[in-house]
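Descriptive analysis of the structure
One letter stands for each residue in the lines below.
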Amino acid sequence: MAILDLIFPKKCLECGQSGKYICENCLKKIPPGGWTSKTVYSIFKYEGVIRRAIIAFKYKYSTEIACELAEVCVKRLNFLLPSDHCLVPVPLHWYRQNFRGFNQSEEVGKLVAKKMNWKHNTNLLIRTKSTTPQAQLTGSARRENLQGVFSLNPNIPVPKYPNIVLFDDVLTTGSTLLEASRVLRAGGVGRILCLTIAK
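First, a word on what this report is: a plain description of the structure on this page. (Residues numbered from 1 in each chain as written. Predicted model: local features only at pLDDT ≥ 70, side-chain atom pairs only at ≥ 80, totals over all residues. Heavy atoms only, no water.)

Considerations on the overall build of the protein
Operational definition: Helix and strand labels come from DSSP, where a helix needs a run of H or I of at least four residues and a strand needs a run of E of at least two; each type is numbered from the N terminus. Relative accessibility under 20% of the residue-type maximum defines a buried residue, over 50% an exposed one, and the middle range a partly exposed one, all with a 1.4 Å probe and only protein chains included. Contact criterion: two residues are considered in contact whenever any of their non-hydrogen atoms come within 4.5 Å of each other. Note on areas: Shrake-Rupley, 1.4 Å probe, and residue coverage restricted to the protein chains presented here.
The helix and strand inventory of the protein stands at eight helices and eight strands. Looking at the protein as a whole, 47% of its 199 residues qualify as buried. Taking the intrachain contacts of the protein between residues at least 6 apart in sequence as the baseline, contacts between residues at least 24 apart amount to 70%. Roughly 10300 Å² of accessible area belongs to the protein as shown, and the carbon and sulfur atoms make up 53% of that amount.

Encoded structure:
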């Protein structure tokens, strides 16, 4: 990972300015994502330098990009959420995670949790099967595609945190977060906020 950080030049992914992958000028151009519902919040719109950073991290795994994504996320969150939360990343299927080598939501999520002084639980949810990307499906096919995708890890007790933040990188249809939230609530989790970097 350190070698990738060295050979992947530290220039803004949008404008090319040296110094950061996400420069302040380009970041200012990205509008907030906002609330999709009462329980689903996206920090940014999925465009410009944020879109480029998410894609670059997902396929190049530069730890510096992950750190910068977490940093800009927290800057936009300080006014929004208190510290009594536990962040739970949306899990990838084991095959996809093994192929890619990491779960991008987990890697950025643990940095966000640390900066926000939240707990971080990567073992609560497990993904039991792979799915077709939601953007390729419509209507009832999306719901059917996600049935039985998630389950609670039988090897650990469900924690009784006051608030759980279900974290993912990009919100597309919202079906994935809805299904993961349903499984968490069925297992006894109380208040859940779904949080994504972008939508």
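Having put the structure on the table, let's press on.
Side note on helix 4 (residues 63-77)
Given 3.6 residues per helical turn, the α-helix brings residues three or four places apart onto the same face. Operational definition: A helix's residues, less one, multiplied by 1.5 Å, set its expected span.
Here helix 4 spans 21 Å end to end across 15 residues, near enough to the 21 Å set by a 1.5 Å rise per residue. The set of residues buried in helix 4 consists of Ile-65, Ala-66, Glu-68, Leu-69, Ala-70, Val-72, Cys-73, Val-74 and Leu-77. In this structure, the buried residues of helix 4 make contact with helix 2 (24-28), strand 2 (40-44), helix 3 (48-60), helix 6 (104-116) and strand 8 (191-198).

Section: the packing of helix 3 against helix 4
Convention followed: To obtain an axis, a line is fitted to C-alpha atoms, over the contacting stretch when the element is a helix, and the angle between two such axes runs from 0 to 180 degrees between their N-to-C directions. Note that the term roughly parallel is reserved for angles under 35 degrees, roughly antiparallel for angles over 145, roughly perpendicular for angles of 65 to 115, and oblique for everything else. Less than a right angle of anticlockwise turn of the near helix away from the far helix marks a crossing as left-handed, whereas a clockwise turn marks it as right-handed. Classification used: nonpolar for Ala, Val, Leu, Ile, Met, Phe, Trp, Tyr, Cys and Pro, charged for Asp, Glu, Lys and Arg, polar for all others including Gly.
Interhelical geometry of helix 3 versus helix 4 gives an angle of 140 degrees and a closest axis separation of 9 Å. Comparing the axis directions of helix 3 and helix 4 gives the class oblique. For helix 3 against helix 4, the interelement crossing comes out left-handed. Of the residues in helix 4, those touching helix 3 at Ile-50, Ala-53, Ile-54, Ala-56 and Phe-57 are Ile-65, Ala-66, Leu-69 and Val-72. Of the residues in the contact of helix 3 with helix 4, the class split is nine nonpolar, no polar and no charged.

Quick word on the pairing of strand 7 (residues 163-170)
Where we set the bar: Two strands are counted as paired when DSSP detects at least two bridges linking them. By definition, the crossover connecting two strands over a helix is right-handed if that path, from the first strand to the second, turns clockwise as seen with the strands pointing away from the viewer.
Most of strand 7 is tucked away: eight of the eight residues are buried. In this structure, strand 3 (residues 85-89) lies alongside strand 7, joined through five bridges in parallel fashion. The residue of strand 7 that forms the bridge with Pro-89 is Phe-167. Pairing analysis gives seven bridges linking strand 7 to strand 8, with the strands arranged parallel. Note that in strand 8 the partner of Asp-168 across the bridge is Thr-196. The handedness of the strand 7 to strand 8 crossover, carried by helix 8 (residues 175-186), is right-handed.

Digging into the nonpolar core
The test is simple: To form a nonpolar core, buried Ala, Val, Leu, Ile, Met, Phe, Trp, Tyr and Cys residues must be joined to one another through side-chain atoms within 4.5 Å.
By size, the foremost hydrophobic cluster in this structure holds 40 residues, and its most contacted members are Phe-44, Ile-50, Leu-69, Val-108, Val-112, Trp-118 and Ile-197. At the level of secondary structure, the elements contributing two or more residues to this core comprise helix 2, strand 2, helix 3, helix 4, helix 6, strand 7 and strand 8. Residue contributions to this core peak at eight residues, all from helix 4. Not counting residues within four places of it along the chain, the set of residues in contact with Leu-69 comprises Ile-22, Ile-50, Ala-53, Ile-54, Phe-57, Val-108 and Ile-197. Counting residues in hydrophobic clusters, the runner-up holds 19 residues, among them Val-40, Val-90, Val-189 and Ile-192.

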